[in-house]
Amino acid sequence: MKYMKKSIIPVIAVLVVLVLITAGGWGFYRHIVRDMQTGEIDSGEKYLYHYVLIADNISSPLWQAIYESAKKEATEHNAYLEYVGGDMVSEYTTKDYLEIGIASKVNGIIVEPNGDPEVERLINKASANNIPVVTVMEDASNTKRKSFIGVNSFQLGQEYGEIICRTMTENTKKILVLINGDIEDPSKNLTFSQIKSEIKEKSPYGSQVEIEALRINSGNTFESEEAIRDVFLDSQAIPDILVCLDEIDTKCAYQALIDYNKVGQMDIIGYYPTQSFLNAISRGTTSAAFELDTEQVGRYSVEALQEYREMGYVSEYFSVDLELITKENVADYMEE
Amino acid sequence: MRHWKQIIKDLSIRKKLLLCFGFTSLLLLISNLLLYKEVNRSINRIDQIYVSNITLNDLSDALTSTHEDVYEYLSTKSSSALENYYRSGQQFRDLLEDLNGETRDNSMLLLEKNIKNMSDTYLATMDNTVAAKRGRNIQRYKDCYAEAEELYRYITSYIDNLNRQQFQVNSSSYKTLLVSLQYMEVVSTAILIFVAVVNIIFLVLLTQSIIGPLILLARTADEVAEGNLNAPLLEVTSADEVGTVTKAFNQMVYSIRDHIQRTKESMEKEQRMMERELLMKNHLKDAQLKYLQAQINPHFLFNSLNAGAQLAMMEDAEKTCLFVERMADFFRYNVRKMSEDATLGEELEAVDNYIYILNVRFAGDINYIKETDAGVEDIRVPSMILQPIVENSVNYGIRHMEGEGYIHVTVKREDGEVIIRIKDNGKGMEPEKIQAILENTLEGHRGQSDSTGIGINNVKSRMELYYDRKGLLQIESRGQDQGTVVSLIIPLETA
């Protein structure tokens, strides 16, 4: 019996330890399983208004920056800003998204029109359905859009012209301006003609230089890339200065410049440059680029919608600041 | 606690086993139930995962059938197609009810809202289409249908998109749940191992409580079997079968001990009796031998003495005749009686003859006085006990003394005993000498040619053996020249 009594204490101790370990393990397991988020999606913040931002290249850094600022502004006005084009399976165009927006009965549309008359028709249709539409970056002035936020085409042409004049040398024989968008788009034409006149007027080499425009139909996929490659492949067509009025064009042109080893032979004036383009500016490979105050673009877009909603009218034009990046101030834009 | 322990101890082994197996089974059952419940819960969660996808597929199907019904109606204008459209449209509307209609900062919820609103627009457009068709407004219903078709495309694509997003989320949930199932596998294995360990511990404890006392019992039994009957008895601590066996075992050991004790006692008794008999025989043999040595051919001696007595008669020598006859009687008694007991009367007669012979030999200087209570003659006593005492009194007491010597023999009944006192007025002796005589340590008195050969000690021993009692022969003396009294005590009850 003593033998039993002696052995009973360690046995009880072992049992208690086992029970504790098991209970602990079970508790830990329950804890882990409970913490596993399964399907129960966060229902998110609720908003009163639903706006939608439609642009062709919605996933580009430029548009992402605009979207960020616009969304921030929208949130302050109890509105949720949806952007479309980014993560959809089917390749819808601006027109489709406008249709969808109208059918979805959103409370406001921010759109970058591309000169397509169908788009303009839909802007009018949206207005007819009591959905205010503001245009950004590009204008559709002869529609019922409530406001336009962007750079004045005239001003843009002037600024480009100025920097081209500064870049030109006596060896500059040919300047090619890439115009992305519909041929009929009057604003692009305005920009191009302003560049042209600026060079002719201001530059001492204005008379000897050939200024051409290459129109790229952005409605077609991969159009920019192919068109720009063509320019580089045709040795007769190679310009001394390549002017890009578009983010995608800038990216493609710079990539082609590297790929076809034309550094030193050709200069690029970019628009909304990437980090690698900024590096090129700092090294002197390319001379300049324009950058848009995207924060302003986004903020003004939502402000315009909100203002229209509250007041029933809104100013037709919000001007956005354009910033010139050259070797002198490139460091301010480069990361780190 | 103690109380509880005792209750458990007192259960029978069968009940203990039942209790133990019941407990372990219950433990297993409970743990299994717990685990099954958990598995079920996990499986239910997994089942729930793809419910949202199924709902969306239903929605998509309803949309498609609505669209097809309208197309059918527009193609055929059949009333059944119209009915179908109303039915499928209603079904579609019902399904739409479940979709989120609020603007929320969540891409899937926002998709739901867009799908819901677009579907509303779509259904309104369809209604318009159908109305236009019924109103035979051909251009309008074609336009409306084209618009609806466009919307149908968008909605389908949105539903697909939502479906895809949900599928992604659900797949990750599924993976998570699978991981949780793996965790569960580990945990359930651990729990089963734990239960097994607990069960084993309980079984070990149980078997120990059964086997432990059995082993102790077996050990004690071995000890007893090896002859150690004084092995400590086992304590009976439980009232189960083992307790019963232990109790029976203890009882058995007690009985064996008792039995052995009794056997031992009776054997000892027997042994003592045999020893006494042997001693008695030994002493008798000793005495006989001595007589045989002394009287080589007693019959020849008796016959010779009888012849002498007749001769003395013929010569008219009466005294000589008497003397010779007495001598013959004395020796005949001696020879005859040594092997058996005798009566006190015969013993006294032998003393008479002896004294007579001595008085003739030593010219009558021994005064012999005899006082006898009536009725003691027939008491049976060992033979040859009085004469040797008297002989000693003569030889060591009065032979060498000055003056007249007396021998005083008294035979008295006292308190169930007969006391024979042989008193002389001779030299007497020291207490040391008395002691020496009684303890038979006295030297130098053996081999006296004049003796009949039987010493005091022989008498003492034979009496003690005969009566199985000590202290039957006593010697008293007041010292030098004070005489000696030798008392023989004859117990009557055994005589």
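Calculation rules
- Residues numbered from 1 in each chain as written.
- Chains lettered and ligands numbered in written order.
- Predicted model: local features only at pLDDT ≥ 70, side-chain atom pairs only at ≥ 80, totals over all residues.
- Pairing = 2+ DSSP bridges.
- Helix = DSSP H or I, 4+ residues; strand = E, 2+ residues; numbered from the N terminus.
- Axes fitted to C-alpha atoms, helices over the stretch in contact; angles between N-to-C directions.
- Contact = placed C-beta atoms within 7 Å.
- Expected span 1.5 Å × (residues − 1).
- Buried ≥ 20, exposed ≤ 12 C-beta atoms within 10 Å, placed from the backbone.

### Let's talk about the sheet that holds strand β6 (residues 417-424) of chain B
Residues and elements named next belong to chain B. Spatially, the five strands line up as an open sheet ordered β3-β5-β6-β8-β7, and their pairing is mixed. At either end of the open sheet lies a strand with only one pairing partner, and these are β3 (366-372) and β7 (473-477). Pairwise comparison of adjacent strand axes, ignoring direction, gives a mean angle of 15° for this sheet. Bridge count between β6 and strand β8 (residues 484-491): eight bridges; the pairing is antiparallel. Note on β8: the bridge partner recorded for Ile-422 is Val-486. Together, β3 and β5 (405-414) form the strand contacts of helix α10 (residues 344-361), whose direction differs from that of β3 by roughly 165°. Against the sheet, helix α11 (residues 386-398) contacts β3, β5, β6 and β8, and its axis sits at roughly 25° relative to β6.

### Side note on the sheet that holds strand β10 (residues 267-271) of chain A
All names here are of chain A. Read across the sheet, six strands follow the order β8-β7-β9-β10-β11-β13 without closing on themselves; strand pairing throughout is mixed. Unpaired on one side and paired on the other, β8 (210-216) and β13 (322-326) mark the two borders of the sheet. In this sheet, adjacent strand axes meet at a mean angle of 15° when their direction is disregarded. Looking at chain direction, strand β9 (residues 241-244) and β10 are connected through three bridges and run parallel. Its bridge partner being in β10, Val-243 is matched across the sheet by Ile-269. Contacts from helix α9 (residues 275-283) reach β10, β11 (288-292) and β13 within the one sheet, and its direction differs from that of β11 by about 140°.

### With respect to helix α10 (residues 294-311) of chain A
Taking 1.5 Å as the rise per residue, α10(A) with 18 residues should run 26 Å; its terminal C-alpha atoms sit 25 Å apart, in good agreement. For α10(A), every residue scored as buried is listed here: A:Thr294, A:Val297, A:Gly298, A:Arg299, A:Tyr300, A:Ser301, A:Val302, A:Glu303, A:Ala304, A:Leu305 and A:Gln306.

### Some points on the interface of chain B and chain A
Opposite the 41 residues of chain B that make contact, chain A presents 35 residues. Elements with a contribution of two residues or more to the side of chain B that touches chain A: α2 (13-49), β1 (103-104), α5 (107-134) and α6 (138-225) of chain B. Broken down by element, the side of chain B that touches chain A gets its largest block of residues, 26 residues, from α6(B). In this sheet, β1(B) lies alongside strand β1 (residues 46-47) of chain A in antiparallel orientation, the contact comprising two bridges. Within the sheet, the bridge partner assigned to A:Tyr47 lies in β1(B) and is B:Thr103.

Spatial relationships are all this shows, so hold off on functional conclusions.
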